[in-house]
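Secondary and tertiary structure notes
Here's the letter readout for the chains.
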Amino acid sequence: VIARLPCPAVSNAVGIGLLGVGTVGSAIAAQLHERAAAIGLRTGVTPRVVAAAVRDVSKPRPTLPSGVRVVDDPMAVVRDRDVRVVVELMGGIEPARSAILSALAAGKPVVTGNKELIAAHGPELFAAADAAGVDLLFEAAVAGGIPIIRPLRESLAGERIEAVMGIVNGTTNFILTKMTEDAADYGTVLAEAQSLGYAEADPTADVGGHDAASKAAILASIAFGVHVPVAEVTREGIESISAQNVADAKRLGFVIKLLAIAERTDERVAVRVHPSMVPITHPLASVRGAFNAVFVEGADVGQLMFYGRGAGGGPTASAVLGDVIDASVNLTKGTHAALGAFAPAALTPLSECSSAFCLAIEVNDRPGVLAAVAKVFGDHGVSIRSMEQEGMADAARIVFVTHRAKEAAVRVCLDDLGRLDAVRSIASVIRVVGVQ
Ligand SMILES: NC(=O)c1ccc[n+]([C@@H]2O[C@H](COP(=O)([O-])OP(=O)(O)OC[C@H]3O[C@@H](n4cnc5c(N)ncnc54)[C@H](OP(=O)(O)O)[C@@H]3O)[C@@H](O)[C@H]2O)c1
C-alpha cells in the first residue's frame, strides 16, 4: 500500500530570529535547514532562519544557511522586520528576558529552552505573552528532548495530576549510576564525569540540585496550574551521598536517584528536589547514565513515564523545533496555545511532607542500645519497616527503613536519637520514594 502524503497547496515561509547559535542553536539551525521541505509539506509552514545573534560574530557558524544576518545585538534580531518568530537559546536571565519581552510586545511568538529564566520570571513572561496574544513555548526547558510540557499542558489538561517525579538532571544521574554500578565514591565519579564532559568544571548547579529545582518549579507550575517560585523549592544535592549509602540502598533493594518531586498534598502542592531511594522495581530505577525521565501519576490515567535524552544539541533542538513549528502554524492561523491560569501556589512546607526514610545510625555496640533506639522511634510515632545491624569492633551501624512518616516527626526523632549516650552519630538520612 502506498499512502499519499498530505500536500498543502501553499507553504508559508516564516522568518525565524535565532538568539544564540551555541550547542542547541546550531543544532536547530541544521535541523530547520535539512527538514524545511518535509516540514512545509507536513504542516503548511516553512520556518527559515533569517537572522541570528551571537556574542562573537567572527566565529564560523557552519550550520547557519548562507544569507543569514549575524549580529551581536539580540534586540536587533528581535526588531528585524523579517523575523516573525524569536527563538531564544542564549541562556541566563539578561539579555534573554528583555529580548523575549520586546519580542512578545511586538506580537512575535517566542520559543525558548531557558529553564533558569522561565523558573525565575515565568509569571511576568506568561502575562506578557497572554497580553500580546502570542505563543511563549518552552518544551526544551525541562528534560531536553523529552516531550513533557506539552503532554502536561494539553494531553493531560483535564486530568487530576497527583504527582510528577523526574530524573531531570543528566549529570547527577550519570554520577549516581556510576557510583551504583562501579561501587565508586562520589569524588572519583565526579572527576570522571568532568573529564568526559558530563559535568562542568564548577558542577554546583547540577550536583547541588539547582538545575533540577528550576525544572521542578516549572513542572509543578504546569502540572498543577500554580506559580511555584524556584526559591521556594526545597533543595538538597547529591554531594553528601557516599559509596556506603549506595551500597546500603543496593542491599535493601533500592537505587539512589536525584528526584524533582511535585505532588498534591490535600489541596496544596509540595515541591522538592532531593536524593531519593527508589525501589529497583520502580520505572525510574531503570533510568541509567545521563538519561532523563519524568514519571506522572494521574487520578484517572494512572502512571505514565516519559523517557529519553534530557540534554545535548540534537535532542534539545528536536524539542525546540516542535515548538517553532507550533508557533509558526499558530501565527499563520492568527491563534496561540493557551497557557492556562496560574494561581499563587499554596505550598506544603517540607515539615508537613511525608515519606519513608532510610536512616543509618552509628551506636556503641552494647546491650540495650537497640531497645533505647526503638523506643525513640515509637515515642514519635515513626514505625520501622526494616532494620539491619552491622558490628564494627565496639561500635555498630544500624540501618533503619521506616514506613511513611511526617518529615517533622522524623526530624524530632533524629534530634532525640542524637541525644542518646549510646548513639555516636546519625550517619545519613535519605528519603525513600515509591513505597507506602
Ligand atoms: N545544551 C543543552 O543540552 C540544553 C538542554 C536543555 C536546555 N538548554 C538551554 O538552552 C539554552 C542554550 O543552551 P546552549 O547549551 O546551546 O548554550 P551555549 O552553547 O552556551 O550557547 C549560547 C549561545 O548564545 C550566544 N549568546 C550568549 N549570550 C549572548 C549575548 N549576550 N548576546 C548575543 N549572543 C549571546 C552565544 O554566543 P557565542 O557563540 O558567540 O558565545 C552562543 O551562541 C540555555 O537556556 C540552556 O539552559 C540547553
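Residues numbered from 1 in each chain as written. Predicted model: local features only at pLDDT ≥ 70, side-chain atom pairs only at ≥ 80, totals over all residues. Heavy atoms only, no water.

1. Concerning the nonpolar core
In plain terms, the rule: Buried residues of nine kinds, namely Ala, Val, Leu, Ile, Met, Phe, Trp, Tyr and Cys, make up a nonpolar core once their side-chain atoms join them within 4.5 Å. Only protein chains enter the calculation, and the probe is 1.4 Å; a residue is then buried if its accessible area is under 20% of its type maximum, exposed if over 50%, and partly exposed in between. Runs of E in the DSSP output that reach at least two residues are strands. Runs of H or I that reach at least four are helices, and both are numbered from the N terminus. Residue contacts are defined here by distance: any two heavy atoms, one from each residue, within 4.5 Å place the two residues in contact.
Among the nonpolar cores identified, the biggest contains 84 residues, and Phe138, Ile148, Leu152, Ile175, Ile218, Val271 and Val296 are the most heavily contacted of them. Residue contributions to this core peak at 10 residues, all from helix α9 (residues 210-224). Residues in contact with Ile218, not counting those within four places in the same chain, are Lys115, Ile118, Ala119, Phe138, Ala141, Val142 and Ile149. Counting 31 residues, the second-largest nonpolar core is a separate cluster that includes Val14, Leu18, Ala29 and Val111.

2. A few points about the pattern of salt bridges
Note the following rule: Definition used for salt bridges: Asp or Glu carboxyl oxygen within 4 Å of a side-chain nitrogen of Lys or Arg.
As enumerated under the stated definition, the model contains 29 salt bridges in all. Across the salt bridge formed by Arg69 and Asp80, the nearest N and O atoms sit 2.9 Å from each other. Of this pair, Arg69 sits in strand β3 (residues 69-71) while Asp80 sits in the loop between α2 (74-79) and β4 (85-88), placing them 11 residues apart in sequence. The exposure class assigned to Arg69 is partly exposed, which follows from its relative accessible area of 36%. A relative accessible area of 13% places Asp80 in the buried class. Between Glu407 and Arg431 there is a salt bridge, with its nearest N and O atoms 2.7 Å apart. In this pair, Glu407 is assigned in helix α13 (residues 407-419) and Arg431 in strand β19 (residues 423-432), connecting sequence segments 24 residues apart. One network of salt bridges, in which partners are shared, links Asp248, Arg251, Glu388, Glu390 and Arg397.

3. Overview of the site of the ligand
Inclusion rule: Throughout, the term near means that a residue has one or more heavy atoms lying within 4 Å of the molecule or strand in question. Under this definition, polar contacts are N or O atom pairs within 3.5 Å; protein pairs additionally need one hydrogen-donor-capable and one acceptor-capable atom, and for neighbouring residues in sequence, both atoms have to be side-chain atoms. Note on areas: Shrake-Rupley with a 1.4 Å probe; residue coverage comes only from the protein chains shown. Polarity classes work like this: nonpolar for Ala, Val, Leu, Ile, Met, Phe, Trp, Tyr, Cys and Pro, charged for Asp, Glu, Lys and Arg, and polar for all others, with Gly in that last group.
Close to the ligand lie 23 residues; Val21, Val24, Asp56, Arg61 and Gly312 are nearest. Here an oxygen atom of the ligand and a backbone polar atom of Gly22 are 3.1 Å apart. Asp56 has a polar backbone atom sitting 2.8 Å from an oxygen atom of the ligand. Compared with its free state, where it exposes 900 Å², the ligand has 80% of that area covered by protein. Here the shell around the ligand is built from residues that sort into 10 nonpolar, 8 polar and 5 charged.

4. Points about the state of the cysteines
For the record, the criterion: Criterion for a disulfide: a pair of cysteine sulfur atoms at a distance within 2.5 Å.
Using the criterion set out here, one finds 0 disulfides in the structure. Free cysteine: Cys358, not disulfide-bonded; nearest cysteine sulfur from Cys413 at 14 Å. Judged by its relative accessible area of 5%, Cys358 falls in the buried class. Given a relative accessible area of 1%, Cys413 falls into the buried group.

5. Examining the packing of aromatic side chains
Basically, it comes down to this: Paired rings are identified among Phe, Tyr and Trp, the last through its six-membered ring, by centres lying within 6.5 Å, and are further divided according to the angle between planes into stacked (under 30 degrees), edge-to-face (over 60) and tilted (the rest).
Tallied over the entire structure, the rule returns 4 aromatic pairs. Their ring planes at 25° and their centres at 5.5 Å tell us that Phe126 and Phe138 sit as a pair that is stacked. Pair noted here: Phe126 is in helix α4 (residues 115-132) and Phe138 is in the loop between β6 (136-137) and α5 (149-155), with a separation of 12 residues, a long-range link. Of the two residues, Phe126 and Phe138, neither departs from the other in class, the shared state being buried.

6. Let's talk about unusual backbone geometry
Trans is the prevailing form of peptide bonds, just as negative phi is the prevailing case for residues other than glycine. Cis rather than trans, the peptide bond between Glu94 and Pro95 has omega equal to 10°. Inspection of the secondary structure assignment puts Pro95 in the loop between β4 and α3 (96-105). Phi angles above zero are rare outside glycine, and Ala143 is one such case at about 60°. Relative to the elements of secondary structure, Ala143 occurs in the loop between β6 and α5. Under the relative-accessibility criterion, Ala143 is labelled buried at 0%. One non-glycine residue, Asp266, lies in positive phi territory at about 55°. Since its relative accessible area comes to 68%, Asp266 is described here as exposed.

7. Let's talk about helix α7 (residues 186-195)
Where we set the bar: This arc is taken over the directions from the axis of the helix to the C-beta atoms.
Restricting attention to buried positions, one finds in α7 the residues Tyr186, Val189, Leu190 and Ala193. For α7, the buried positions fall inside an angular range of 105° around the axis, keeping them on one side. Taken together, the buried residues of α7 touch α6 (170-182) and α8 (204-207). Between a side-chain oxygen at the N-terminus of α7 and the backbone nitrogen of Gly187 the separation is 3.2 Å; the capping residue is Asp185. Looking at the residues trailing α7, positive phi occurs at Gly197, about 85°.

8. Let's talk about the sheet that holds β3
Applied cut-off: Paired strands are those between which DSSP finds at least two bridges. Helix axes use the C-alpha atoms of the stretch in contact, all axes being lines fitted to C-alpha atoms, and the angles between their N-to-C directions lie in the range 0 to 180 degrees.
The 6 strands are arranged β3-β2-β1-β4-β5-β6 in an open sheet whose pairing can be described as parallel. Of all strands in the sheet, those with a lone pairing partner are β3 and β6, marking the two edges. As defined by bridge partners, strand β5 (residues 110-112) adjoins β6 across 2 bridges and the pair is classed as parallel. Pairing of Val111 across the sheet is with Leu137, part of β6. Contacts from helix α1 (residues 23-43) reach β1 (12-19) and β2 (45-53), with the element oriented near 160° to β2. Its contacts with the sheet put helix α11 (residues 313-333) on β1, β2, β4, β5 and β6, and the angle it makes with β2 is roughly 110°.

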